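Chains, contacts and geometry: an overview
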Amino acid sequence: MTLTNRSLVTIDDLSNGEVLALFSLADEMSAAMEEQHGLCRGKIMASLFFEPSTRTRLSFEAAMQRLGGSVITASDVGASSLAKGESIADTARIVGSYADIIVVRHPWEGAAKVVADFAGIPVINAGDGGHQHPTQTLCDLYTLQKERNTVKGLKIALWGDLKYGRTIHSLIFALARFGADILFCPSPGLEVPEHVINKLITEYGGEVERLETSGWEAKDNLFPLDAIYTTPSSPHQLAMMPGISLQAELKSGVDALYVTRPQKERFAAAEEGRELKGKYPVVDKKLLKGKAFRQTLVMHPLPRVDELAYEVDADPRSKYFEQAARGVPIRMALLATLLGAREIAVPEEDSPPKIEYPVYRRYLSPACPNPTCVSIQETETKYLKPEFKIVNTRPLTLRCVYCEHGFEPKYVASADWHEGKLDTKKYHSADSHWVRTIRPENLIVFDTEEAAQAHGFKPSHFTGGHH
Amino acid sequence: MTLTNRSLVTIDDLSNGEVLALFSLADEMSAAMEEQHGLCRGKIMASLFFEPSTRTRLSFEAAMQRLGGSVITASDVGASSLAKGESIADTARIVGSYADIIVVRHPWEGAAKVVADFAGIPVINAGDGGHQHPTQTLCDLYTLQKERNTVKGLKIALWGDLKYGRTIHSLIFALARFGADILFCPSPGLEVPEHVINKLITEYGGEVERLETSGWEAKDNLFPLDAIYTTPSSPHQLAMMPGISLQAELKSGVDALYVTRPQKERFAAAEEGRELKGKYPVVDKKLLKGKAFRQTLVMHPLPRVDELAYEVDADPRSKYFEQAARGVPIRMALLATLLGAREIAVPEEDSPPKIEYPVYRRYLSPACPNPTCVSIQETETKYLKPEFKIVNTRPLTLRCVYCEHGFEPKYVASADWHEGKLDTKKYHSADSHWVRTIRPENLIVFDTEEAAQAHGFKPSHFTGGHH
Amino acid sequence: MTLTNRSLVTIDDLSNGEVLALFSLADEMSAAMEEQHGLCRGKIMASLFFEPSTRTRLSFEAAMQRLGGSVITASDVGASSLAKGESIADTARIVGSYADIIVVRHPWEGAAKVVADFAGIPVINAGDGGHQHPTQTLCDLYTLQKERNTVKGLKIALWGDLKYGRTIHSLIFALARFGADILFCPSPGLEVPEHVINKLITEYGGEVERLETSGWEAKDNLFPLDAIYTTPSSPHQLAMMPGISLQAELKSGVDALYVTRPQKERFAAAEEGRELKGKYPVVDKKLLKGKAFRQTLVMHPLPRVDELAYEVDADPRSKYFEQAARGVPIRMALLATLLGAREIAVPEEDSPPKIEYPVYRRYLSPACPNPTCVSIQETETKYLKPEFKIVNTRPLTLRCVYCEHGFEPKYVASADWHEGKLDTKKYHSADSHWVRTIRPENLIVFDTEEAAQAHGFKPSHFTGGHH
């Protein structure tokens with residue numbers, strides 16, 4: 001099995017078997033660090049950081065150098081050629097002709113996919129806006145695997161800013177795929193985005209139950225439990241357990257508490273301000289005295305600010321510094337395999353094949369509604385066309401191939417109906433029964449009736465009631 | 001033939017034979033990239049970028065690392081010790097004691113020469129203000145050589161911002177020296193500077209004809225042709241072809257179209273603003289459909305903004321990404337030879353010897369009138385004295401040895417005349433016949449009569465008419 | 001003798017014998033630079049620069065690469081994760097798990113000690129605020145040693161900004177320890193801080209005589225001599241020579257003139273402004289013509305601004321560029337020994353053992369009064385507790401273990417007296433005779449009577465007169 005010349009843009013780009021094989025390789029490399037030094041001799045990794053980062057960048061660069069490879073770094077890209085208005089695709093093509101592999105961080109969601117599409121060499125996403133940060137997820141899973149021997153069946157509580165934390169989004173999908181149960185414990189107002197929940201249900205099976213948290217009181221120092229995800233492989237199914245509550249869930253203990261900081265740099269203006277500080281739960285010695293946490297691994301992607309007390313550092317349950325340290329062997333294993341310097345053995349039984357959704361890509365396409373999606377930025381629209389996966393038909397849901405945000409267009413038409421027959425160029429409400437009868441390759445969607453009419457379509461009687 | 005310990009400040013620092021020998025070495029290195037990895041082991045290249053740059057810096061650093069060498073980088077120099085007011089000479093001396101070779105980019109024209117003068121190790125100019133960028137020129141020539149097997153006799157159209165593009169200035173001189181014809185197609189207001197044209201005529205022979213462009217209409221999508229340079233070796237001489245026109249020139253086809261972006265960061269305030277956007281010609285599919293472009297290589301030093309449409313990327317005539325990629329082997333060849341790790345074989349027949357101009361350097365010297373010349377900056381005047389080459393006597397023209405801007409002083413005197421004879425300390429108009437009789441080592445020039453009188457000189461009767 | 005796994009935070013972390021052994025190793029390495037390239041192969045040095053620096057950072061990175069090691073660099077740390085509010089301890093722990101050695105520069109005094117305390121790997125201080133810069137001191141001493149064969153008995157004049165120059169503070173202690181005499185020649189208003197003078201007297205023996213400089217006139221181009229330090233080993237003792245003057249001191253000649261620039265970036269607002277420029281003495285040819293300087297080495301830690309004329313560069317007495325160049329072999333020797341790649345032989349007779357002061361560290365502790373001390377910064381107080389050495393009892397003086405600033409608390413109490421006996425919880429004036437009777441482990445100090453009373457202490461009759 002080879003990973004050579006592949007890219008890692010989202011955690012979905014690796015199968016479960018590949019992830020586990022990387023963990024074995026990371027173990028092997030950790031055990032004999034000095035011996036890895038010739039492995040990538042003569043290879044060059046380009047670090048392209050369009051957003052500042054010390055930890056992640058240095059971790060990748062240390063990993064490449066432990067393998068004997070070289071590094072070229074642009075950590076100040078915001079100030080350099082990009083300031084001259086260059087597109088991501090051009091940067092990717094050029095740096096792709098200098099280096100053997102690219103590690104990229106960018107503030108726009110989907111930017112890493114664009115780099116991977118144009119570079120011509122393997123690309124690793126080191127964080128693209130609020131979208132994904134898959135190597136952080138590998139560190140997280142690797143830590144769980146090392147500490148508990150398996151991820152399957154673990155109960156993981158995610159704590160804090162579940163809205164803007166890209167590490168959280170990558171992690172949720174990975175936990176689901178590996179068969180963990182997830183307790184969502186967001187700071188009020190920073191709940192997991194809908195598109196993440198939707199992808200969780202439609203793609204990984206299992207169930208999500210939402211809990212009422214509005215009247216929550218912070219008794220027993222516990223956090224508000226917002227939702228629970230249980231995997232299909234879980235012994236108890238939520239459907240059979242109405243009225244499930246945090247207390248019930250916690251009885252059996254939490255395997256890991258994954259704490260995150262408020263990602264203030266991504267907050268919308270409304271969320272900023274003084275109120276948050278008071279509301280943001282703090283993990284400290286007192287909280288960890290609870291019965292449910294007796295065996296709990298305390299994890300954090302770091303950097304921390306105030307949400308995780310320093311007094312916890314000396315606690316044997318604290319694993320966040322190990323989690324960070326494990327970034328080096330994990331990234332070594334990843335770099336060595338993508339560069340073709342090492343092969344990995346993937347077990348026969350692997351994750352189920354990914355769902356292949358029909359693609360929506362046409363001239364009339366609406367733009368992705370996510371304001372930080374790479375596909376709608378001025379420098380990128382010169383060459384990128386909107387492209388979506390049709391992930392649902394009831395309600396009709398398109399998911400941007402770049403940022404993976406989903407949205408539900410309001411009106412539809414069919415390319416088949418009107419070809420050559422101008423009088424039948426009609427548009428319909430997206431919630432009419434017509435939607436399911438349109439073949440994906442013929443689907444046309446509109447955000448507004450005005451958009452439909454601007455393209456010469458007339459309302460059908462299935463648009464009524466929307467006026 | 002050795003290049004060891006030499007510096008590359010302007011493209012004139014390499015003879016034609018040396019350039020071609022570097023191309024052969026670059027070919028050899030491209031063909032066996034992995035084998036070069038031991039060549040510069042233990043050597044250190046210092047990247048000093050006083051202006052942000054991703055592409056050029058990463059290209060140099062990748063080249064050094066492909067050779068097995070190490071790199072120390074200051075890409076944020078603007079914010080560091082320079083902010084403490086250090087001179088370029090001091091930085092050069094100190095970094096020269098750390099590294100084996102320096103690559104420097106700086107916003108001031110002539111800065112690379114200062115670094116080369118003080119570093120004590122080889123220095124490569126990676127762009128000094130609007131002056132030169134000789135390794136970009138090597139990439140450009142190398143691409144022409146690879147695609148057409150020779151530069152001699154090619155017809156190259158330079159397109160866009162010919163005023164501020166330093167890559168353009170280096171390239172013009174190189175093309176002339178290698179015997180190419182040049183069509184100048186500037187965006188109106190961004191014509192090639194006079195001092196470049198003057199150097200082209202006086203130093204490379206050949207002829208420049210200016211064309212009337214004021215009434216130009218952009219019919220046939222063609223650009224306004226501002227001037228044509230034909231080399232001495234060109235089969236037709238312009239003098240024999242009065243009334244030459246773009247249409248005539250284009251009949252035989254253009255070998256390469258060298259597109260540049262507007263260098264907005266160097267624009268004077270007056271040139272900025274909305275008007276430019278509309279006037280700046282765009283190279284797109286439609287333009288390239290013209291007969292003259294059937295066999296034309298499309299080149300660009302990158303980054304591009306809007307002047308070169310993305311739709312052209314897939315066209316087989318587009319060579320700009322190859323042009324960028326070739327930067328690595330070219331810079332490998334250059335680094336390896338300047339560091340003495342490789343020798344090159346230069347053919348017997350080489351470029352004609354450079355003209356040795358008399359030098360003007362004295363206490364009374366006027367300052368260089370170029371406001372971005374390194375020699376007049378506050379931190380540098382503490383140790384740099386103005387120095388000029390006397391490149392012409394009718395009109396009397398001095399060219400700054402740092403930035404290579406030329407200027408014509410208004411008044412002259414002779415050091416010979418007045419030594420010990422105070423009553424004969426007289427100054428004359430620079431356009432009087434006296435100028436040619438003054439021996440260069442005795443020449444004294446003044447910008448104004450006031451300056452002359454302040455130094456105790458009196459007007460002669462050859463200053464009349466200027467009052 | 002091994003330095004393996006030790007850190008260099010202040011110059012006191014190395015004994016005289018260790019310093020001299022490093023110089024021998026630096027000599028050896030200079031003489032066979034190419035042979036050192038395999039010494040640190042596979043090792044990684046992390047450069048963490050929280051303040052911009054070109055010279056020092058590049059010098060360290062060149063040194064590591066001359067040893068064949070690799071470098072990971074964060075030179076823009078101000079803009080990156082630190083901006084997310086991360087503590088120095090967290091950064092240190094994480095980078096400590098990536099690299100084998102850390103070089104750190106930080107604007108807060110004492111920051112390098114925090115990094116060393118938490119990193120788990122050797123740490124080298126490359127400058128922490130106005131505190132210390134021990135590797136610069138090694139370069140300075142190494143230059144003296146190379147040029148004069150010994151530091152003992154030399155007479156060194158320190159010139160310029162003796163207040164904010166951290167290189168000056170490290171150097172003073174080192175010169176005292178090695179038995180040099182020091183002439184302090186500050187720019188008026190930029191005298192050596194009291195805490196430095198105090199440490200010099202109490203810890204290194206010898207004597208300091210202050211001279212009257214208020215009526216100083218700059219005749220003979222000489223600088224104002226503010227104070228003289230003579231080592232205990234010095235042949236003449238100041239006590240025996242009342243009325244010592246600059247002229248007398250200079251008769252025998254100055255061995256080195258150590259010039260420094262005004263550290264304007266650290267000036268308090270009051271010191272800035274136009275007046276300084278005029279007052280700051282300039283070292284030029286004229287000054288160096290004085291008899292006293294006939295054999296004087298001119299040194300400067302660089303960068304220079306206006307305080308050292310360029311005309312001096314060509315003078316054979318000028319050693320500042322050699323001083324900078326020697327930074328590479330010195331840092332190579334240091335890195336190789338701390339990383340355990342080389343051992344050094346330390347002679348039997350070494351510097352006298354350091355004084356072990358009692359430590360003051362308790363809940364009631366006052367904060368360090370130095371506003372740029374690391375221990376009082378908002379991000380660091382979450383885990384750092386104030387800690388002081390009790391370096392004197394008359395007057396009672398505490399010295400911060402982080403920034404080494406000393407201060408004299410006003411009130412004291414004893415933990416012994418009041419334990420269980422509330423009516424005897426009394427506080428006293430710090431200048432009462434009680435202070436010396438309190439055992440260090442029982443000492444409690446207060447800045448104000450209010451603070452004492454807030455903790456339940458009542459005034460004793462030894463607080464009288466302070467009201």
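In short, a report on the structure. (Residues numbered from 1 in each chain as written. Chains lettered and ligands numbered in written order. Predicted model: local features only at pLDDT ≥ 70, side-chain atom pairs only at ≥ 80, totals over all residues.)

Quick look at the overall build of chain A
The helix and strand inventory of chain A stands at 14 helices and 18 strands. With 467 residues in all, chain A has 52% of them scored as buried. Residue pairs at least 24 apart in sequence account for 75% of intrachain contacts in chain A once pairs closer than 6 positions are excluded. (Helix = DSSP H or I, 4+ residues; strand = E, 2+ residues; numbered from the N terminus. Buried ≥ 20, exposed ≤ 12 C-beta atoms within 10 Å, placed from the backbone. Contact = placed C-beta atoms within 7 Å.)

A short note on the packing of helix H6 (residues 166-177) of chain A against helix H7 (residues 194-204) of chain A
Residues and elements named next belong to chain A. For the pair H6 and H7, interaxial distance at closest approach is 11 Å and the crossing angle is 20 degrees. The pairing of H6 with H7 is recorded here as roughly parallel in orientation. Where H6 crosses over H7, the two elements pack in a sense that is right-handed. For the pair formed by H6 and H7, the contact residues are His169, Ile172, Phe173, Ala176 and Arg177 on the first element and Val196, Lys199, Leu200 and Tyr204 on the second. When its residues are assigned to classes, the contact of H6 with H7 shows six nonpolar, one polar and two charged. (Axes fitted to C-alpha atoms, helices over the stretch in contact; angles between N-to-C directions. Parallel < 35°, antiparallel > 145°, perpendicular 65-115°, else oblique. Left-handed = near helix turned anticlockwise from the far one by under 90°. Nonpolar A, V, L, I, M, F, W, Y, C, P; charged D, E, K, R; others polar.)

A closer look at the pairing of strand S15 (residues 411-414) of chain A
All names here are of chain A. Here S15 shows no split at all, with Tyr411 and Ala413 on one side and Val412 and Ser414 on the other all buried. As paired strands, S15 and strand S16 (residues 426-429) are joined by two bridges and run antiparallel to one another. Opposite valine 412, over in S16, you have histidine 428 as the bridge partner. Across four bridges, the pairing between S15 and strand S17 (residues 443-446) is antiparallel. (Pairing = 2+ DSSP bridges.)

Structural notes on the environment of A:Ser365
Residues and elements named next belong to chain A. On the secondary structure map, serine 365 appears in the loop between strand S11 (359-360) and strand S12 (388-393). Taking the number of C-beta atoms within 10 Å as the measure of exposure, serine 365 has 18 and is therefore partly exposed. In the structure, serine 365 is positioned 23 residues away from phenylalanine 388 in sequence and 9.0 Å away in space, judged by C-alpha atoms. Excluding residues that lie within four positions of it along the chain, serine 365 makes contacts with Tyr360, Lys385 and Pro386.

Some details on the packing of helix H5 (residues 134-148) of chain B against helix H12 (residues 327-338) of chain B
Residues and elements named next belong to chain B. Packing of H5 against H12 leaves a shortest axis separation of 9 Å and a crossing angle of 120 degrees. Regarding the angle of H5 to H12, the classification is oblique. For the pair H5 and H12, the crossing hand works out as right-handed. Contacts between H5 and H12 involve Thr135, Leu138, Cys139 and Tyr142 from the former and Gly327, Ile330, Arg331 and Leu334 from the latter.

Points about the relation of the copies chain A and chain B
Laying chain A over chain B is done by rotating through 120 degrees and shifting 0.1 Å along the axis; what remains is an RMSD of 0.1 Å. Between the two chains, the operation in question is that of a three-fold axis. When the interface residues of chain A are mapped onto chain B, a mere 4% of them again lie at the interface, so each copy presents a different face. (Least-squares fit on C-alpha atoms with pLDDT ≥ 70 in both.)

Examining unusual backbone geometry
For the bond from A:Leu302 to A:Pro303, the omega torsion is 0 degrees, close enough to zero to count as cis. Checked against the element boundaries, A:Pro303 lands in the loop between strand S10 (297-299) and helix H11 (320-325). Cis rather than trans, the peptide bond between C:Arg394 and C:Pro395 has omega equal to -5 degrees. Positionally, C:Pro395 belongs in the loop between strand S12 (388-393) and strand S13 (396-400).

Digging into the interface of chain C and chain B
By a widespread convention, an interface's size corresponds to the accessible area lost as its parts come together. Tallying the contact residues gives 22 residues for chain C and 24 residues for chain B. Only helix H2 (55-66) and helix H11 (320-325) of chain C provide two or more residues apiece to the side of chain C that touches chain B. The greatest single-element share of the side of chain C that touches chain B, amounting to six residues, is contributed by H2(C).

Structural notes on the relation of the copies chain C and chain B
Between chain C and chain B, the superposition needs a rotation of 120 degrees and an axial shift of 0.0 Å, giving an RMSD of 0.1 Å. The two copies present different faces, since only 5% of the interface residues in chain C are matched by interface residues at the equivalent positions in chain B.

Brief notes about the sheet that holds strand S12 (residues 388-393) of chain B
All names here are of chain B. If you trace the four strands from one edge of the open sheet to the other, you get S11-S12-S13-S14, paired in antiparallel fashion. On the outer flanks of this sheet lie strand S11 (359-360) and strand S14 (406-407), each paired with one strand and no other. Examined bridge by bridge, S12 and strand S13 (residues 396-400) share five bridges and lie antiparallel to one another. When the bridges of S13 are listed, phenylalanine 388 appears paired with cysteine 400.

Side note on helix H6 (residues 166-177) of chain C
Residues and elements named next belong to chain C. Spanning 12 residues, H6 covers 17 Å between terminal C-alpha atoms, matching the ideal 16 Å at 1.5 Å per step. Within H6, 12 of the 12 residues are buried, leaving the element largely enclosed by the surrounding structure. Inspection of H6 places Arg166, Thr167, Ile168, His169, Ser170, Leu171, Ile172, Phe173, Ala174, Leu175, Ala176 and Arg177 among the buried residues, and these make up the whole buried set. Taken from the residues just after H6, glycine 179 is the one with a positive phi, measuring 85 degrees. (Expected span 1.5 Å × (residues − 1).)

Comments concerning the interface of chain A and chain B
Between chain A and chain B, the residue contacts involve 24 residues of the former and 22 residues of the latter. Going through the elements one at a time, strand S1 (44-49), strand S2 (70-74) and helix H3 (88-96) of chain A are the ones with two or more residues in the side of chain A that touches chain B. Looking at the side of chain A that touches chain B element by element, the count peaks at four residues for H3(A). Here the side of chain A that touches chain B is composed, by residue class, of 12 nonpolar, six polar and six charged.

Concerning helix H3 (residues 88-96) of chain B
Burial analysis of H3(B) places nine of its nine residues in the buried class, the great majority of the element. If you follow the buried residues of H3(B), they end up packed against strand S1 (44-49), strand S3 (101-106) and helix H4 (111-119) of chain B together with H2 and H11 of chain C.

Thoughts on the sheet that holds strand S8 (residues 227-230) of chain A
Residues and elements named next belong to chain A. Strand order in the open sheet formed by six strands is S7-S8-S6-S5-S9-S10, and the pairing between neighbours is mixed. The open sheet has two edge strands with one neighbour each: strand S7 (207-210) and S10. Between one strand axis and the next, the sheet turns through 15 degrees on average, direction left out of account. Pairing analysis gives three bridges linking strand S9 (residues 256-259) to S10, with the strands arranged parallel.

Considering the environment of A:Asp416
Residue and element names in this part refer to chain A. Here aspartate 416 is to be found in helix H13 (residues 415-418). A count of 14 C-beta atoms within 10 Å places aspartate 416 in the partly exposed class. Taking C-alpha positions, aspartate 416 is 46 Å from threonine 337, a pair spaced 79 residues apart along the chain.

Remarks on the pairing of S12(B)
Residue and element names in this part refer to chain B. Examined bridge by bridge, S11 and S12 share two bridges and lie antiparallel to one another. Within the sheet, the bridge partner assigned to tyrosine 360 lies in S12 and is phenylalanine 388. A loop of two residues connects S12 with S13, the two strands running antiparallel in sequence.

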